Amino acid sequence: MEIRNLEKAMDIFAKLMMGESVGASGANAKLYEEYSHNAEVYDIFCEMLKRFDIKLYEYNNTLFISGGPSNKVFGYTNEELRKMMGLRTNKELFLCYFIIYNMVAAFYKDSTALSADYLRIEDVIRQVDNSFASLIDREEGIVMEQAAENTFKALALMWDELVAATVDEKIGRAAKNSKFGYVKIVMNFLEEQALITVSGDRYYATDRLKAMATNYYEDNRSAIYELFA
């Protein structure tokens with residue numbers, strides 16, 4: 001192993017960990033070239049990611065990283081996510097997970113390309129409504145004892161009991177007393193994580209989200225269901 005190659009691999013790792021962009025253009029273009037064309041740099045860098053349980057995604061000749069599912073340092077625990085999103089219980093957090101899943105599903109019908117240029121909160125609400133529709137029997141109803149036996153049914157009931165939106169939320173507030181408010185909480189969080197950008201009432205996927213969707217979502221889209229097994 002050449003010391004120079006080790007240093008270059010560490011430089012790439014450090015830049016990404018500090019939130020900088022490493023791609024074919026920009027200030028770190030030379031590091032991206034090392035990653036793309038120097039086999040030893042690539043191997044060392046990938047081994048570092050593996051040891052730290054960090055996932056690597058590439059989109060538009062740009063590298064993106066995210067903490068792996070077992071990463072306690074660079075990822076988030078449920079407790080940390082609840083605090084960041086202003087939630088009290090894991091049930092509320094799991095509903096937000098499900099909203100995120102449906103938001104991605106609304107953007108992508110498959111993992112190859114965006115099927116929507118942008119989404120509005122109403123689009124995400126409609127997607128979640130459709131996902132939960134089969135779990136709610138309007139004629140027979142769902143009681144809490146039945147819902148408790150199946151977490152998805154519990155979330156469906158929780159969602160179904162929410163009003164569509166309140167007057168205050170329609171002007172941009174995020175709260176837990178409506179469907180609009182829950183989706184707004186999720187969108188605010190995703191914007192903070194540089195996964196979406198917002199213009200007016202339109203939400204656009206960033207290259208970071210596109211990288212994660214095209215490289216990860218298709219192979220792991222069933223993983224969310226394991227949370228509720």
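Higher on the page you've got the structure.
Notes on the structure follow. Because the structure is predicted, anything quoted here is derived from the model rather than measured.

Thoughts on the nonpolar core
Here is step 1: Within the largest apolar cluster, 42 residues are counted, with the highest numbers of intra-cluster contacts made by I99, M103, F132, W159 and Y182.
Here is step 2: Elements with a minimum of two residues in this core: α4 (78-85), α5 (90-107), α6 (121-132), α8 (151-160), α9 (179-192), β5 (202-205) and α10 (207-220).
Here is step 3: A per-element tally of this core places α5 first, with eleven residues.
Here is step 4: Y35, F45, I54 and L63 belong to the second-largest nonpolar core, a separate cluster that totals 16 residues.

Remarks on the pattern of salt bridges
Here is step 1: With the rule as written, the count across this model stands at nine salt bridges.
Here is step 2: Its salt-bridge partner being D129, residue K179 comes within 3.0 Å of it at the nearest N-O pair. Here the residue K179 occupies a position in helix α9, and D129 occupies one in helix α6, the gap between them amounting to 50 residues.
Here is step 3: Overall, K179 belongs to the buried group, its relative accessible area being 12%.
Here is step 4: For the salt bridge of K210 with D207, the shortest nitrogen-to-oxygen distance reads 3.9 Å. Of this pair, K210 and D207 are both found in helix α10, three residues apart, which corresponds to roughly one turn of the helix.
Here is step 5: Relative accessible area serves as the criterion here: at 31%, D207 is assigned to the partly exposed category.

Here we look at the packing of aromatic side chains
Here is step 1: Inspection of the entire model under this criterion finds eight aromatic pairs.
Here is step 2: Where F98 meets F132, the ring centres are 4.5 Å apart and the plane angle is 20°; that geometry is what we call stacked. With F98 in helix α5 and F132 in helix α6, this pair connects stretches of sequence that are 34 residues apart. Of the two residues examined, F98 and F132, each falls in the buried class.

The rules behind these values
- Residues numbered from 1 in each chain as written.
- Predicted model: local features only at pLDDT ≥ 70, side-chain atom pairs only at ≥ 80, totals over all residues.
- Heavy atoms only, no water.
- Core = buried A, V, L, I, M, F, W, Y, C linked by side-chain atoms within 4.5 Å.
- Buried < 20%, exposed > 50% of the residue type's maximum accessible area, 1.4 Å probe, protein only.
- Helix = DSSP H or I, 4+ residues; strand = E, 2+ residues; numbered from the N terminus.
- Salt bridge = Lys/Arg side-chain N within 4 Å of Asp/Glu carboxyl O.
- Phe/Tyr/Trp six-rings, centres within 6.5 Å; stacked < 30°, edge-to-face > 60°.

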